[in-house]
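Working through the structure, step by step
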Amino acid sequence: MSDRLPPGAVIGILGGGQLGRMLSVAASRLGFRCHVYEPGANPPAGHVAERVTTAGYDDAAALTAFAESVDVITYEFENIPTAALDLLEKVRPIRPGREALRVSQDRLVEKDFLRGLGLTTAPYADVPDRASLDAALAGIGTPAILKTRRFGYDGKGQARIDGPEAAGAALKDMAGAPAILEGFVDFSFEVSVIAARGLTGEVACFDPGENRHEGGILRTTRVPAPLRAGMQADAVLLAGRILNALDYVGVMGVELFVTPGGLVVNEIAPRVHNSGHWTQMGCAIDQFEQHVRAVAGWPLGDGRRHVDVEMENLIGADMDRVPEIAREGGASLHLYGKAEAKPGRKMGHVNRLRPPEA
Ligand code: AMP
């Protein structure tokens, strides 16, 4: 039997945020139906998916019923509890697979994995307690960043340490959670590669984009990134190595620091990624359709970039600018249908055509 899901098949998506929403839209364009599983009420993906289950990740009956109702299971976030995955996996395939989740759920495991592939990361050390933090600071030096091993996102669960005297306060910020210390990478700029691998092992990468953050949250992604030709190839090749090593199926975001000495891998996300939203305007097949194609066993689509794009996130009060952006030429607006525009909350994004730089 072919592993290729026919139109009409049901894709189960764990997580009902904006990524799940845009995955659902892409899946419906290919004739698939989506069933979203989300503990929170009124999820953005629920407005566009055919079915939503509102239940927690500890609800075995709901998880089993969800899995039985779908043909394949994917997800829009990596912090799915292991026990839920164990249960789901018995019923239907989970793509991307468990190894990608195991590696990306824990910064220490992730760094060890990347180093094991011969890739460059920031210097790092496991910090289970105060004594190990002091030892790590002595070895790595400052500035450095203390990060929780698990559940970090948008710069949360991180504390910068500029000198040994700041160690105590930083450790307190971790609130007892296991952490790692990372040496500060003096990077020129940040890029990410959105990479895809199909069920039969073919790999396709979108062009690297340059990311700018504000307050720890992604603000803009621009393509093309101002990378030297050699580095562009390095970025794409290292992403391919990561995907192959994990026998990965789906789209992954690989975040990189660009330094004069080469590329340093910051982190990987086993899912569609905010820094890949530009592909909606820049490519025939965007990251969401590419992910759906991969997990459905379809051939990967054509992700070549045909235009220069800047993606801007609309965060919190940026929503006030929507009427003005809606009148702008060359701008394509994506809103997530979230009820309340809280500070720091990603409400939508806009993709703009960029004139090629001289
Ligand atoms: P992360 O959650 O690990 O992606 O970190 C969020 C942001 O903090 C990154 O995009 C960087 O801008 C910054 N950052 C994280 N780790 C480092 C590091 N080791 N050196 C320098 N900047 C970092």
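The shown structure was predicted, so the numbers you read here are calculated from the model rather than taken from an experiment.

Here's the deal with the overall build of the protein
- Regarding its fold elements, the protein presents eleven helices and 17 strands.
- Over its C-alpha trace the protein gives a radius of gyration of 20 Å, about what one expects of a compact globule, namely 21 Å for 358 residues.
- For the protein, restricting intrachain contacts to residue pairs at least 6 apart in sequence, the fraction spanning at least 24 positions comes to 61%.
- For the protein, the accessible area works out to roughly 15000 Å², and carbon and sulfur atoms hold 52% of it.

Details of the side chain of Asn313
- Position of Asn313 among the secondary structure elements: in strand E15 (residues 309-315).
- At 2.7 Å, the side chain of Asn313 and the side chain of Asn274 are in polar contact.
- Residue contacts for Asn313: discarding those within four places in its chain leaves Leu218, Arg219, Asn274, Asp318, Tyr336, Lys346, Gly348 and His349.

Thoughts on the pattern of salt bridges
- Tallying each qualifying case throughout the model produces 27 salt bridges.
- With a shortest N-O distance of 3.0 Å, Arg219 and Glu312 are connected by a salt bridge. In this pair, Arg219 sits in strand E12 (residues 217-223) while Glu312 sits in strand E15, placing the two residues 93 residues apart along the sequence. Both residues of the pair, Arg219 and Glu312, count as buried.
- The salt bridge involving Glu310 is made with Arg222; its shortest N-O contact spans 2.7 Å. Of this pair, Glu310 sits in strand E15 while Arg222 sits in strand E12, and the two are 88 residues apart along the sequence.

Points about the packing of aromatic side chains
- Applying the stated criterion across every chain yields a total of six aromatic pairs.
- On the basis of an interplanar angle of 50° and a centroid distance of 5.9 Å, the ring pair of Tyr57 and Phe77 is categorised as tilted. Of the two residues, Tyr57 sits in the loop between strand E3 (51-53) and helix H2 (60-68) while Phe77 sits in the loop between strand E4 (72-75) and helix H3 (82-91), which places them 20 residues apart along the sequence.
- Classification of Tyr57 as buried rests on a relative accessible area of 14%.
- Aromatic rings pair up to connect Tyr37, Tyr57, Phe66 and Phe77 into one cluster.
- Its end group placed over the ring of Trp298, Arg4 keeps NZ or CZ at 5.2 Å from the ring centre.
- The ring centre of Phe184 lies 4.6 Å from the NZ or CZ of Arg160, which sits over that ring.

Considering the pairing of strand E2 (residues 33-37)
- Most of E2 sits inside the fold, with four of its five residues counted as buried.
- Sheet topology places strand E1 (residues 10-14) next to E2; five bridges connect them, and they run parallel. Each bridged residue has a counterpart across the sheet, and for Ile11 the counterpart in E2 is Cys34.
- Regarding topology, helix H1 (residues 18-29) serves as the crossover connection from E1 to the parallel E2, and that connection is right-handed.
- Here E2 pairs with E3 via three bridges, running parallel. Across the sheet, residue Val36 finds its bridge partner in E3, namely Val52.

Topic: the domain arrangement of the protein
- Its domain assignment divides the protein into domain 1 (10-94), domain 2 (123-183) and domain 3 (189-353).
- Distance between the C-alpha centres of domain 1 and domain 2: 34 Å.

Examining the site of the ligand
- As a matter of local geometry, the ligand sits amid 16 residues, with Lys147, Gln158, Glu182, Val185 and Glu190 nearest to it.
- Between the ligand and the protein, one listed contact pairs a nitrogen atom with a side-chain N or O atom of Glu182 at 2.9 Å.
- At 3.5 Å, a side-chain N or O of Glu255 approaches an oxygen atom of the ligand.
- When the ligand is considered free in solution it has 470 Å² of accessible area, and contact with the protein chains removes 90% of it.
- Among the secondary structure elements, those contributing two or more residues to the shell around the ligand are strand E6 (144-148), strand E8 (179-183), strand E13 (250-259) and strand E14 (262-269).
- Broken down by class, the residue content of the shell around the ligand amounts to six nonpolar, four polar and six charged.
- Counting only domains with at least three residues in the shell around the ligand, you end up with domain 2 (123-183) and domain 3 (189-353).

Quick word on the environment of Gly40
- Following the sequence through the fold, Gly40 ends up in the loop between E2 and E3.
- Taking relative accessible area as the criterion, Gly40 reaches 27% and is therefore assigned partly exposed.
- Considering only alpha carbons, one finds Gly40 and Thr220, 180 residues apart in sequence, at a separation of 28 Å.

Describing the environment of Asn79
- Mapped onto the elements, Asn79 comes out in the loop between E4 and H3.
- Between the alpha carbons of Asn79 and Ala49 there is a distance of 22 Å; along the sequence they are 30 residues apart.
- Not counting residues up to four positions away in its chain, the partners in contact with Asn79 are Gln105 and Phe151.

Procedures and definitions
- Residue positions are given per chain, counting from 1 as you read along its sequence in written order.
- Whole-chain, interface and lining totals are the exception, using all residues; otherwise, since this is a predicted model, local features are given only for residues with pLDDT of at least 70 and side-chain atom pairs are given and counted only at 80 or more.
- The basis for every side-chain value is the complete set of heavy atoms in the structure, and neither hydrogens nor water enter the calculation.
- Helix and strand definitions here come from DSSP, where helices need a minimum of 4 consecutive H or I residues and strands a minimum of 2 consecutive E residues; each element is numbered from the N-terminal end.
- The globule rule used for comparison is 2.2 Å times the number of residues to the exponent 0.38, while the radius of gyration itself is calculated over C-alpha atoms.
- Any two residues whose heavy atoms approach within 4.5 Å are treated as being in contact.
- Shrake-Rupley sampling with a 1.4 Å probe provides the accessible areas, and residues are treated as covered by the protein chains on show and by no other component.
- Distance and chemistry together define a polar contact, namely a pair of N or O atoms within 3.5 Å, with one atom able to donate a hydrogen and the other to accept it when in protein, and with adjacent residues in sequence counting only for side-chain atoms on both sides.
- Salt bridges are defined as contacts in which a side-chain nitrogen from Lys or Arg sits within 4 Å of a carboxyl oxygen from Asp or Glu.
- Three exposure classes are used, based on accessible area relative to the maximum for each residue type with a 1.4 Å probe and protein chains only: buried under 20%, partly exposed in between, and exposed over 50%.
- Centre distance within 6.5 Å is the pairing criterion for rings of Phe, Tyr and Trp, where only the six-membered ring of Trp is used; planes under 30 degrees apart are then read as stacked, over 60 as edge-to-face, and the remainder as tilted.
- Charge-over-ring placement is defined geometrically: NZ (Lys) or CZ (Arg) within 6 Å of the ring centre, and within 35 degrees of the ring normal.
- A pair of strands counts as paired when DSSP detects no fewer than two bridges linking them.
- The definition of a right-handed crossover adopted here requires that, viewed with the strands pointing away, the path from the first strand over the helix to the second runs clockwise.
- An automatic or database domain assignment provides the domain bounds reported here.
- In these notes, residues near a molecule or strand are those with any non-hydrogen atom within 4 Å of it.
- Charged means Asp, Glu, Lys or Arg here, nonpolar means Ala, Val, Leu, Ile, Met, Phe, Trp, Tyr, Cys or Pro, and polar covers whatever is left, Gly included.

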